[in-house]
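Chain and residue survey
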2 protein chains.
Amino acid sequence: MSHPHPELGPPPPLPEGGLRIVALGGLGEIGRNMAVFEYDDRLLIVDCGVLFPETDQPGVDLILPDFEYIRDRLDKVEAVVLTHAHEDHIGAVPYLLRERRDIPLVGSRLTLALIESKLAEHRIQPVKVQAEENERISFGPFECEFLAVNHSIPDALAVAIRTPAGVVLHTGDFKMDQLPLDGRLTDLAAFARLGAEGIDLLMSDSTNAEVPGFVTSEREISPVLNEVFRSADQRVIVACFASHVHRVQQVLDAAVEHGRKVAFIGRSMVRNMGVARDLGYLRIPGGTLIDSREAEELPPEEVVLISTGSQGEPMSALSRMANRDHPIRIERGDTVVLASSLVPGNETAVNKVINGLTRWGARVVHKGNALVHVSGHAPAGELLYVLNMTRPSNFMPVHGEWRHLRAHAALAALTGVPDENIVIAEDGVVVDLVDGRARIVGAVQAGYVYVDGASVGDITEIALKDRRILGDEGFVSIVVVIDSTSGKLTGGPEIHARGSGIDPAAFDEVRPAIEAALAEAAADGVADVQQIRRLIRRTVGSWVNTTYRRRPMIIPVVVEV
Amino acid sequence: MSHPHPELGPPPPLPEGGLRIVALGGLGEIGRNMAVFEYDDRLLIVDCGVLFPETDQPGVDLILPDFEYIRDRLDKVEAVVLTHAHEDHIGAVPYLLRERRDIPLVGSRLTLALIESKLAEHRIQPVKVQAEENERISFGPFECEFLAVNHSIPDALAVAIRTPAGVVLHTGDFKMDQLPLDGRLTDLAAFARLGAEGIDLLMSDSTNAEVPGFVTSEREISPVLNEVFRSADQRVIVACFASHVHRVQQVLDAAVEHGRKVAFIGRSMVRNMGVARDLGYLRIPGGTLIDSREAEELPPEEVVLISTGSQGEPMSALSRMANRDHPIRIERGDTVVLASSLVPGNETAVNKVINGLTRWGARVVHKGNALVHVSGHAPAGELLYVLNMTRPSNFMPVHGEWRHLRAHAALAALTGVPDENIVIAEDGVVVDLVDGRARIVGAVQAGYVYVDGASVGDITEIALKDRRILGDEGFVSIVVVIDSTSGKLTGGPEIHARGSGIDPAAFDEVRPAIEAALAEAAADGVADVQQIRRLIRRTVGSWVNTTYRRRPMIIPVVVEV
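Residues numbered from 1 in each chain as written. Chains lettered and ligands numbered in written order. Predicted model: local features only at pLDDT ≥ 70, side-chain atom pairs only at ≥ 80, totals over all residues. Heavy atoms only, no water.

Moving on, we come to the UniProt feature "active site" (unreviewed entry) in chain A. Residue and element names in this part refer to chain A. When the UniProt feature table is mapped to this numbering, "active site" (unreviewed entry) covers Asp205 and His377. These annotated residues cover 173 residues of sequence, and their C-alpha atoms all fall within 7.5 Å of one another, placing them together at a single site. With respect to the helices and strands, the residue Asp205 is situated in strand S12 (residues 201–205). When its relative accessible area of 1% is taken as the criterion, Asp205 is described as buried. Setting aside residues up to four positions removed in sequence, Asp205 forms contacts with Thr171, Gly172, Asp173, Phe174, His377, Leu383, Val398, His399 and His408. A polar atom in the side chain of Asp205 sits 3.2 Å from the backbone nitrogen of Phe174. By the secondary structure assignment, His377 is in the loop between strand S18 (363–366) and helix H12 (380–390). (UniProt positions renumbered as here; feature names shortened; annotations may be inferred. Helix = DSSP H or I, 4+ residues; strand = E, 2+ residues; numbered from the N terminus. Buried < 20%, exposed > 50% of the residue type's maximum accessible area, 1.4 Å probe, protein only. Contact = heavy atoms within 4.5 Å. Polar contact = N/O pair within 3.5 Å; in protein donor to acceptor, adjacent residues only side chain to side chain.)

Given below as structure tokens:
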């Protein structure tokens, strides 16, 4: 994906009475969801999430939306609406609040509690506005109405945003489980009511637009878990997302049913389940919960571990168990359940974990061989219901890679949204809703902002390119000391290489060539350090390439004394 | 996977009359298949393939089996039997023949033709022994009987190996398409005949042991392709494996049916299809084939490209088309068919290609949304047939990761093979068949041998570890020039960093600390270069870690003048 969009120029000023929508993330990718709404010089933000890096972004911890588009207008931000508490929707909030601490955060009770406990780790105390289902709250010119949606975390909300420019319905992430564990349905009736009133723009979750049909109910996992527990005679370890309260509830219920104690493993699991329990979203019978130390000591057949690490994260407890690098030793007869999706990009890592666990004799139950996971996102069949109930004048698929956005756009077209009213945008594309019509009018900067260690934005595309070369080929550095008056070599060449696969002794072959080249240059009166560097790079580079057919990074260092 | 196996010691001498089997690759991984059979001090090798590297093996081109186990006994190798011409079965042959050129290669007509054209690129003319179906050929003490099997390349063979120690049936890669395009069935009747005779050890393909049921026939792809062609009004591009002659034949037939010309794209596709056509395995009607230059110039609706790149290889034509970095420009209305499996590890790369193509408006047809691929490996239902027809005394699952080997072992147990006669081995594990019983007796070295550029084996695990650190964190190098007599700093510190994300100007902060540390060391009489290096590493490392919470590689260079 290219960012920003070379084919689109900067947008014209927003016409009076128009609503401008710019996604700074979430379009053309699954992650770092963030949409900025602008009306009459005031801003409303929906979600502010992170994206997790891929292997071609080595060493990066997190990827943020680029706040540059709003950086000099942060004082005009009325609020950040958080549709739910997944990392790809809330993970960048701490970084946004670093730039302006008192932006109000709006969300459901659980969403606010989870973001608050996250912000506490960043020592930030947010300004909160709790939103109830069906409540209307105005933030400047934006009147927001909050609607219940069902997702893989409790208490998720859709938001209808009313301005004089029209009504926008943003679904957030949702699916339409018709028998949800907590009885809280996606409020399709409210969608219909809004549709009757007239929705000028529908922004709807595209994640599963390529998947035909309907979701299986979360509650259908329960009998499968019970069967797994029934046939398990050793330890049971269940890995799932640290925010999936209902999944954890089902595991807890199965554990109690089969007389096992439960320990939570992993920092975010312990933190989130603590919050969920305190607020009454998670019910844990007394005496069930133990800590991980106790779990190590109990007989395996009395224990359930509920752990993070379902995506094969190398430092997670689960990966370490798979490598026998954890106090809990996987033994023949243990059962490991990966009760989670397989997030694209993590296939190899998860496969390694499955093979590692299997090698030690564990039975591994995963969505490939048992119904231990259902998706949190509406597939095509449900998306059609939403399109037909809302009958939007304009449609903009959100929350998806290009393949998902296009598939969702095709569904909208099938339900009768005219082609010219379907807007497929990617990050940074500026969409104006003016006179009831949504149109792309330009693009703004919306590139990746990398978090690595303590700093945000230090890592540039150039640094990543260097990392990719270093990671693939290693480097060879050549240090020479040159007399600054005569230009003659007085020390070195010292040659060091790492990751190049070249035997250090082999450098003796090229040292004479470097010395000869430098002597010739000195005789010709070449004293420019840049030129000497270039000479060394050329000499060593061509030797390596000819001898080894490799292209390590060549680093000539010239010290003048 | 750990190599070699710490828990197993070196094997005892092979008892007289026993058969020893050591897989140097292919067990615990999918790739670099190679099994060494030893009887009476003579060796027979079945397959000699490569493994493709994963992202944690950066910069590596190929991974070979380690030939060390047989290196000083190469003169005792009677032959290499090649079951079929896939890279994971023949790719390491050029490297083995570099060590001894005249090892006879045994295989079917197509297998030998394809390995011969591959070896020609390495300037090696092999010794060939063509094997016919149902033929018996003896290689020293090994009497081999070759049996037809159906796979995703024509002319694949299973091999039954008879020695006085017993009969081993090695299936090679196979499935049991009951209506194969060329009418050549997996010879289950011969398997049954061998079973009646008595099979002492069955070694059978485990790739799809986790997949329930049976394969869909290759010929069912044809109507799907026809429908794709019928509804395509612009260019059609089909990506598939360069050895899948039957898949290519079906695309060619559909192209002819719809009046389109066909160009092959990609070096291995052009080479293999040339061989297949010359030998009569591929039928191309006159006037159908054009070259890629002609394809660029014809109207899109008259063209089909059959291309490599189905695994998202970044330099392939298909990836470059997805990035608009290829003479053929993808336009709205083009159709791209990925008529291939998705090899584990390539998910992210293929997803990028699909998104890239979709972004430009192409319709992408793949196995996720249409029946344009069937696997080449027998799933559980078919594996059960083989187990039941052969009724082996001992069973050893081959060709699979741990998860596949264990799943296949479980199938064998279900069909009645006693647990103690099922041998799950990984690479390097030594299995002896003695007195009709197969047992693990030890392990030998069977680690990864990396090919990078021109050299084999130069890249060690240490170099890869360096690459991973460099790739994740970059490096900081600090050069100081020290007077060898006084120990005083006479030049530098010159600080260079790449991939670290640290602004070069920031190094001014740490330079005084380095100078102070060196001055103090000189005052204390420290003159040892190692100690000075350690001092610099510590000073800079702790500064970077404290300031940036990062751990780049710190490279101190001390030049004495």
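Residue and element names in this part refer to chain B. The 3 strands lie next to each other as S4-S22-S23, forming an open sheet whose pairing is antiparallel. A single partner strand is all that each edge strand has here, and the edge strands are strand S4 (62–64) and strand S23 (455–456). Sheet topology places S4 next to strand S22 (residues 449–452); 3 bridges connect them, and they run antiparallel. Looking at the pairing, Leu62 lines up with Val451 of S22. (Pairing = 2+ DSSP bridges.)

As a further point, take the sheet that holds strand S7 (residues 128–130) of chain B. Residue and element names in this part refer to chain B. Within the open sheet, the 8 strands sit side by side as S7-S6-S5-S3-S2-S1-S20-S21. Their pairing is mixed. Unpaired on one side and paired on the other, S7 and strand S21 (437–443) mark the two borders of the sheet. Taking each pair of neighbouring strands and ignoring which way they run, the sheet shows an average axis angle of 25°. Where strand S3 (residues 42–46) meets strand S5 (residues 77–81), 4 bridges bridge the pair, whose relative direction is parallel. Within the sheet, the bridge partner assigned to Leu43 lies in S5 and is Val77. Of the strands in this sheet, strand S6 (105–107) and S7 are in contact with helix H4 (residues 109–121), which crosses S6 at around 140°. (Axes fitted to C-alpha atoms, helices over the stretch in contact; angles between N-to-C directions.)

Turning next to the confidence of the model for chain A. For chain A, per-residue confidence averages 94 on the pLDDT scale, and residues scoring 70 or more make up 99% of the total. The ipTM for the predicted assembly is 0.89, set against a pTM of 0.92. (pLDDT = per-residue confidence, 0-100.)

Residue and element names in this part refer to chain A. Gly492 connects to Pro493 through a cis peptide bond whose omega is -5°. Summarising the element assignment, Pro493 is placed in strand S25 (residues 489–498). In this structure, Arg123 is a non-glycine residue whose phi angle is positive, near 55°. Topologically, Arg123 is positioned in the loop between helix H4 (109–121) and strand S7 (128–130). The exposed category is assigned to Arg123, whose relative accessible area is 74%.

Here we take up the interface of chain A and chain B. In this assembly, 65 residues from chain A lie in contact with 64 residues from chain B. Carbon and sulfur atoms make up 50% of the surface buried where chain A meets chain B, a total of about 5300 Å² over both sides. Summed over the shared surface of chain A and chain B, the result is 12 salt bridges. Notably, a salt bridge pairs Asp452 of chain B with Arg550 of chain A, separated by 3.4 Å at the nearest N-O pair. Counting every contact that joins chain A to chain B gives 36 residue pairs in polar contact (both at pLDDT 80 or more). Taken together, the elements giving at least two residues each to the side of chain A that touches chain B come down to helix H11 (347–359), helix H13 (402–414), helix H14 (461–473), strand S24 (475–482), S25, helix H16 (529–548) and strand S26 (553–560) of chain A. By residue number, the principal contributor to the side of chain A that touches chain B is H11 of chain A, which donates 8 residues. Residues of the side of chain A that touches chain B, tallied by class, amount to 19 nonpolar, 23 polar and 23 charged. (Buried area = accessible area lost by both parts, 1.4 Å probe. Salt bridge = Lys/Arg side-chain N within 4 Å of Asp/Glu carboxyl O. Nonpolar A, V, L, I, M, F, W, Y, C, P; charged D, E, K, R; others polar.)

Next up on the list: the UniProt feature "binding site: Zn(2+)" (unreviewed entry) in chain A. All names here are of chain A. What UniProt calls "binding site: Zn(2+)" (unreviewed entry) maps, in this numbering, to His84, His86, Asp88, His89, His151, Asp173 and His399. Considering the C-alpha atoms alone, the annotated residues occupy 316 residues of sequence yet fold into one spot, their largest mutual distance being 13.9 Å. Examined against the element boundaries, Asp88 turns out to sit in helix H2 (residues 87–90). The exposure class assigned to Asp88 is buried, which follows from its relative accessible area of 14%. Sequence-distant contacts of Asp88, defined by excluding residues within four places in its chain, comprise Gly31, Arg32, Asn33, Gly49, Val50, Asp173 and His399. Tracing the sequence through the fold places His89 in helix H2. Assessed through its relative accessible area of 1%, His89 is described here as buried. When neighbours within four sequence positions are excluded, His89 is seen to be in contact with Asn33, Asp47, Cys48, Gly49, Leu82, Thr83, His84, Asp173 and His399.

If you walk through the whole model with that rule in mind, you get 9 aromatic pairs over all chains. Ring centres of Tyr448 of chain A and Tyr450 of chain A lie 6.1 Å apart, and the angle between their planes is 65°; on these two criteria the pair is classed as edge-to-face. Centroid distance Trp543 of chain B to Tyr548 of chain B: 5.8 Å. Interplanar angle 80°. Geometry classified as edge-to-face. On the accessibility criterion, Trp543 of chain B (12% relative accessible area) is buried. Grouping aromatic residues by their ring pairs yields a cluster made of Phe507, Trp543 and Tyr548 of chain A. A cation over a ring is seen here: Arg73 of chain A above Tyr69 of chain A, with NZ or CZ 4.9 Å from the ring centre. In this arrangement the basic side chain of Arg359 of chain A is found over the ring face of Trp360 of chain A, its NZ or CZ atom lying 5.1 Å from the centre. (Phe/Tyr/Trp six-rings, centres within 6.5 Å; stacked < 30°, edge-to-face > 60°. Lys NZ or Arg CZ within 6 Å of the ring centre and 35° of its normal.)

The subject of this paragraph is the relation of the copies chain A and chain B. Least-squares fitting of chain A to chain B yields an RMSD of 0.0 Å, with the superposition described by an axial translation of 0.0 Å and a rotation of 180°. The symmetry that links the two subunits is that of a two-fold axis. Taking C-alpha positions as reference, the residue of chain A nearest the rotation axis is Gly471 of chain A, located at 1.8 Å. Of the interface residues in chain A, 98% have counterparts in chain B that sit at the interface too, so the contact is made through matching surfaces. (Least-squares fit on C-alpha atoms with pLDDT ≥ 70 in both.)

Moving on, we get to the side chain of Asn33 of chain A. All names here are of chain A. Among the structural elements, Asn33 can be located in the loop between strand S1 (19–25) and strand S2 (34–39). A distance of 3.3 Å separates the side chain of Asn33 from the side chain of His89, its partner in a polar contact. Those residues in contact with Asn33 that sit more than four places away from it in its chain are Gly25, Gly26, Val46, Asp47, Cys48, Gly49, Asp88, His89 and His399.

Bringing the pattern of salt bridges into the picture now. Residues and elements named next belong to chain B. Summed over the entire model, instances satisfying the criterion amount to 70 salt bridges over all chains. For Arg247, the salt bridge goes to Glu218, with nearest N and O atoms at 2.6 Å. Of this pair, Arg247 sits in helix H7 (residues 245–257) while Glu218 sits in the loop between strand S12 (201–205) and helix H6 (221–230); the two residues are 29 residues apart in sequence, bridging distant segments of the chain.

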